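Tertiary structure, described
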Amino acid sequence: DAGVTQSPTHLIKTRGQQVTLRCSPISGHKSVSWYQQVLGQGPQFIFQYYEKEERGRGNFPDRFSARQFPNYSSELNVNALLLGDSALYLCASSSGTSNEKLFFGSGTQLSVL
Amino acid sequence: GQQVMQIPQYQHVQEGEDFTTYCNSSTTLSNIQWYKQRPGGHPVFLIQLVKSGEVKKQKRLTFQFGEAKKNSSLHITATQTTDVGTYFCAGPLGNQFYFGTGTSLTVIP
């Protein structure tokens, strides 16, 4: 069975641009969450979606948005990119909500120049 | 501010020595999870603790959840080079999910 897949693996953008990151959860998992991981730090929670509804939101500006599709895949959008948005963006899937273990994808490495 | 802190931030040990990382939350957690992230990799789930005072073992790894459900620890006995990586505790707080600051373990052969 395929694990959590994320695309693209690497991305280079310039300040002010917009980016869309994609995630496909493990088959049968209905929850997807997004994390930002800056080098040397722990993952920071951005969003959780369960059954296409937002179930949790971290302390990120409104430039960050996400959605979940009927097939449970998800997209994370970041508008008006800043240099500080450079990070590894991780997607995790789980079968339920916050009490379930997370299965992470390999991430998208975003560099903002 | 950071809700879940871990100490130490870094730990270098000789192969065969023991290792412990401590996790402290500012508030009570319903459960706590531990993840391992190898250099260049992504976090991989190790275990979940739910009950106050719970202790679980996985081969050389021992996990504890504090009585007040605000702290936890991971102890590795007789480290091996395969134990290298960063260990994170994590848990739900409200409608968010917080990861700790992590402890980076280096094992010297």
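Just so you know, these numbers come straight off a predicted model, no measurement behind them.

1. Considerations on the sheet that holds strand β8 (residues 74-78) of chain A
Residues and elements named next belong to chain A.
- A sheet is described by the order of its strands in space; here 4 strands give the open sequence β1-β3-β8-β7, paired in antiparallel fashion. Both edges of this open sheet fall to β1 (5-7) and β7 (64-68), since each of them pairs with a single strand only. Sheet twist, expressed as the average angle between the axes of neighbouring strands with direction ignored, equals 15°.
- In this structure, β1 lies alongside strand β3 (residues 19-24), joined through 3 bridges in antiparallel fashion. If you follow Q6 over to β3, its bridge partner there is C23.

2. A short note on the packing of aromatic side chains
- One pass over the full model with this rule turns up 13 aromatic pairs over all chains.
- When the centroid spacing of 5.9 Å and the interplanar angle of 90° are considered together, the rings of F104(A) and Y35(B) count as edge-to-face. One end of the pair, F104(A), is in strand β10 (residues 103-104); the other, Y35(B), is in strand β4 (residues 32-37), on a second chain. An identical accessibility class is assigned to F104(A) and Y35(B); each is buried.

3. So, the interface of chain B and chain A
- At the interface, 19 residues of chain B touch 21 residues of chain A.
- With both sides pooled, the region where chain B packs onto chain A buries about 1,500 Å², and carbon together with sulfur makes up 49% of that total.
- The tally of links between chain B and chain A comes to 0 salt bridges.
- The interface formed by chain B and chain A contains 4 residue pairs in polar contact (both at pLDDT 80 or more).
- Among the elements of the structure, β4, β5 (44-49), β9 (85-93) and β10 (96-99) of chain B are those that each provide at least two residues to the side of chain B that touches chain A.

4. Thoughts on unusual backbone geometry
- Cis geometry is adopted by the peptide bond preceding P8(A), which originates at S7(A) and carries an omega value of -10°.
- If you trace the backbone, P8(A) turns up in the loop between β1 and β2 (10-13).
- For the peptide bond that leads from I7(B) to P8(B), omega is -5°, which places it in the cis range.
- Of note, P8(B) is situated in the loop between β1 (4-7) and β2 (10-14).
- Positive phi, normally seen in glycine, also occurs at E51(A), with a value near 50°.
- Relative to the assigned elements, E51(A) resides in the loop between β5 (44-50) and β6 (53-57).
- Its identity as a non-glycine residue notwithstanding, Y72(A) has a phi of 75°, on the positive side.
- Among the secondary structure elements, Y72(A) is positioned in the loop between β7 and β8.

Calculation notes
- Residues numbered from 1 in each chain as written.
- Chains lettered and ligands numbered in written order.
- Predicted model: local features only at pLDDT ≥ 70, side-chain atom pairs only at ≥ 80, totals over all residues.
- Heavy atoms only, no water.
- Pairing = 2+ DSSP bridges.
- Helix = DSSP H or I, 4+ residues; strand = E, 2+ residues; numbered from the N terminus.
- Axes fitted to C-alpha atoms, helices over the stretch in contact; angles between N-to-C directions.
- Phe/Tyr/Trp six-rings, centres within 6.5 Å; stacked < 30°, edge-to-face > 60°.
- Buried < 20%, exposed > 50% of the residue type's maximum accessible area, 1.4 Å probe, protein only.
- Contact = heavy atoms within 4.5 Å.
- Buried area = accessible area lost by both parts, 1.4 Å probe.
- Salt bridge = Lys/Arg side-chain N within 4 Å of Asp/Glu carboxyl O.
- Polar contact = N/O pair within 3.5 Å; in protein donor to acceptor, adjacent residues only side chain to side chain.

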